Amino acid sequence: MDRIRLRGGRPLRGSIPIGGAKNAALPLMAAALLSEGPLVLTNAPALDDTRTMAGLLAQHGLSVDHDTNARTMTLGGTATNLVAPYDLVRKMRASVLVLGPLLARYREAKVSLPGGCAIGTRPVDLHLKGLEEMGAKIDLDSGYMNATAPEGLRGAKIYFTQVSVGATENLLMAATLADGITELVNAAREPEIDDLAHCLIAMGARIEGIGTDRLRIEGVKALHGATHPIVPDRIEAGTFACAAGITGGEVLLEGAKLEHLGTVARVLREAGVEVDESPKGVIVKRLSGLRGVDVMTEPFPGFATDMQAQFMALMAVAEGASMITETIFENRFMHVPEMNRMGARINVHGSSAIVRGVSRLSGAPVMATDLRASVSLILAGLAAGGETIVNRVYHLDRGYERLEAKLAAVGADIERLPG
Ligand code: EPZ
């Protein structure tokens, strides 16, 4: 297994290209099941998760061609296999996003239940309840969801009892081919959902309310191919903003959109990190000390849960204390014991962590446990004295493209040690 070795203490200076968003690319790829296509996705990131999704779609029978030099993915064809197998779904929970499209277009799907993951149990009850309200019959048997809709899906008014990105995406896609009108109430409002909606409209879907928590979809008989640019990755941008903040540098996040950072930009400013819009993206710099700031993770436009671990690394070396409360997932503090091994002073009490800033962290061998926890350890290593070795970086490769190359290009002393 690959490891990453870094030595901290260098301010980052220069520009970092921000790639297409992982959490937009995955539902957009699943949307290819809704039509013959071709669906052409530009600004497509090359990640382990997109490769997993490409493999899943290929075993369904779609053609998937990813020109990584041109950063363009072309998907199309007819599904000849309606089963999403356990060995693929367990690797990546977002595989469940094929359920809505397969049901909507083929009126049948057999998708493995994703099971839990490191950060929580992550049920899919909201996905299933919504699809049943649209007329699907779903039996759970031997770890699979056996779904059928012999007469096709029909429009329904669906109230989400909890904001769910994936459930919003699955039902949004399903509704585009349902018979009649579907309303999704208390829908998630992440920028990746707006991006999916815009792509579906380009494919011929009829969707209103984009950007709000109430989406209205009028089903159509069929969708067609389209070309769609994937939105820049706001979590990658936020991650590198924390890297600039923790090292006291100045970095241009090329292609990033300030408004997609949501509350993260405000909180970074409160912590003493300057975040400004520029014609080429977002400029982040830190000229003075870092201050402890309290945050609570919330659905967009609140503070993103996918930024919680990265922000905690920043707070670990801030002046004063910070209380970080995780409201979205039940087990998303696994980076804490590893950061404490680097000299951080963090105590977890239930869903909150109290971080008492220290003047300097010390490098150490640490273990990555999930995607965002692993990148938070890289950030801590950038600020630590001495050498840090991050093990199990396969977690990182799921969601960050060429991370160490991008950081080295702006001055970080970082390299990958092949496993
Ligand atoms: C998406 O996951 C993202 N993944 C996650 O990013 C992100 O953390 C999450 O949204 C929240 O923003 C992708 O987009 C591929 P949810 P998703 O459904 O859709 C509960 C990363 O690091 N819930 O919004 O699975 C669930 O347990 C990943 O890039 C139900 O109870 O998240 C959680 O507590 C990690 N029943 C909360 O809702 C359901 O049917 C939010 O989950 C669905 C969700």
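Everything below is about the structure printed above this text.
Here is a short report on the structure shown in this document. Please read all numbers here as calculations on a predicted model, not as lab measurements. (Residues numbered from 1 in each chain as written. Predicted model: local features only at pLDDT ≥ 70, side-chain atom pairs only at ≥ 80, totals over all residues. Heavy atoms only, no water.)

1. Thoughts on the site of the ligand
Reasoning step 1: In the vicinity of the ligand there are 21 residues, among which Asp 125, Leu 126, Ser 164, Asp 306 and Ile 328 approach most closely.
Reasoning step 2: Contact distances for the ligand include 2.7 Å between an oxygen atom and a backbone N or O atom of Leu 126.
Reasoning step 3: Residue Val 165 places a main-chain N or O atom 2.8 Å away from an oxygen atom belonging to the ligand.
Reasoning step 4: Starting from 830 Å² of accessible surface for the ligand in isolation, the protein chains cover 88%. (Near = heavy atom within 4 Å. Polar contact = N/O pair within 3.5 Å; in protein donor to acceptor, adjacent residues only side chain to side chain. Areas by Shrake-Rupley, 256 points an atom, 1.4 Å probe, with all protein chains shown as cover.)

2. So, the packing of helix α5 (residues 125-133) against helix α6 (residues 165-175)
Reasoning step 1: Closest axis-to-axis distance for the α5/α6 pair is 8 Å, and the angle between their directions is 25°. Considering the angle they form, α5 stands roughly parallel to α6. The handedness of the crossing between α5 and α6 comes out as right-handed. Counted together, Leu 126, His 127, Gly 130 and Leu 131 of α5 and Gly 166, Ala 167, Asn 170, Leu 171 and Ala 174 of α6 form the full contact between these two elements.
Reasoning step 2: Residue composition of the contact of α5 with α6, grouped by class: five nonpolar, four polar and no charged. (Axes fitted to C-alpha atoms, helices over the stretch in contact; angles between N-to-C directions. Helix = DSSP H or I, 4+ residues; strand = E, 2+ residues; numbered from the N terminus. Parallel < 35°, antiparallel > 145°, perpendicular 65-115°, else oblique. Left-handed = near helix turned anticlockwise from the far one by under 90°. Contact = heavy atoms within 4.5 Å. Nonpolar A, V, L, I, M, F, W, Y, C, P; charged D, E, K, R; others polar.)

3. A short note on the sheet that holds strand β20 (residues 345-349)
Reasoning step 1: Here four strands make up an open sheet; going across it, the order is β18-β19-β21-β20 and the pairing mixed. Unpaired on one side and paired on the other, β18 (295-296) and β20 mark the two borders of the sheet.
Reasoning step 2: The pairing of β20 with strand β21 (residues 352-356) spans five bridges and is antiparallel. Paired with His 349 across the two strands is Ser 352, which belongs to β21.
Reasoning step 3: Running at roughly 170° to strand β19 (residues 321-325), helix α10 (residues 308-315) makes contact with β18, β19, β20 and β21 of the sheet. (Pairing = 2+ DSSP bridges.)

4. Comments concerning the side chain of Arg 234
Reasoning step 1: Inspection of the secondary structure assignment puts Arg 234 in helix α8 (residues 234-247).
Reasoning step 2: At 2.8 Å, the side chain of Arg 234 and the side chain of Glu 192 are in polar contact.
Reasoning step 3: Leave out the neighbours within four places in its chain, and Arg 234 touches Glu 190, Pro 191, Glu 192, His 260, Leu 261, Phe 300 and Ala 304.

5. Structural notes on the pairing of strand β5 (residues 72-76)
Reasoning step 1: Burial runs high along β5: four of the five residues are buried.
Reasoning step 2: Bridge count for strand β3 (residues 39-42) against β5 is three bridges, and the pairing is antiparallel. Bridge pairing links Leu 41 to Met 73 in β5.
Reasoning step 3: Alignment of strand β4 (residues 63-67) against β5, held across five bridges, turns out to be antiparallel. In the sheet register, His 66 faces β5, and the bridge partner there is Met 73.
Reasoning step 4: Where β4 folds back onto β5 in an antiparallel hairpin, the turn is made up of four residues, including Arg 71, whose phi is positive at roughly 55°. (Buried < 20%, exposed > 50% of the residue type's maximum accessible area, 1.4 Å probe, protein only.)

6. Some remarks on the pattern of salt bridges
Reasoning step 1: Evaluation of the coordinates by the stated rule reveals 22 salt bridges.
Reasoning step 2: Taking the shortest distance from any N to any O, the salt bridge between Asp 48 and Arg 51 comes out at 2.7 Å. Of this pair, Asp 48 and Arg 51 both sit in helix α2 (residues 48-60), three residues apart, roughly one helical turn.
Reasoning step 3: Judged by its relative accessible area of 28%, Asp 48 is partly exposed.
Reasoning step 4: The shortest N-O distance in the salt bridge between Arg 416 and Glu 404 comes to 2.7 Å. Of this pair, Arg 416 sits in strand β24 (residues 413-417) while Glu 404 sits in helix α14 (residues 403-408); the two residues are twelve residues apart in sequence, bridging distant segments of the chain.
Reasoning step 5: A relative accessible area of 15% places Glu 404 in the buried class.
Reasoning step 6: In the salt-bridge network here, residues are joined through shared partners; they are Asp 2, Asp 397, Glu 404 and Arg 416. (Salt bridge = Lys/Arg side-chain N within 4 Å of Asp/Glu carboxyl O.)

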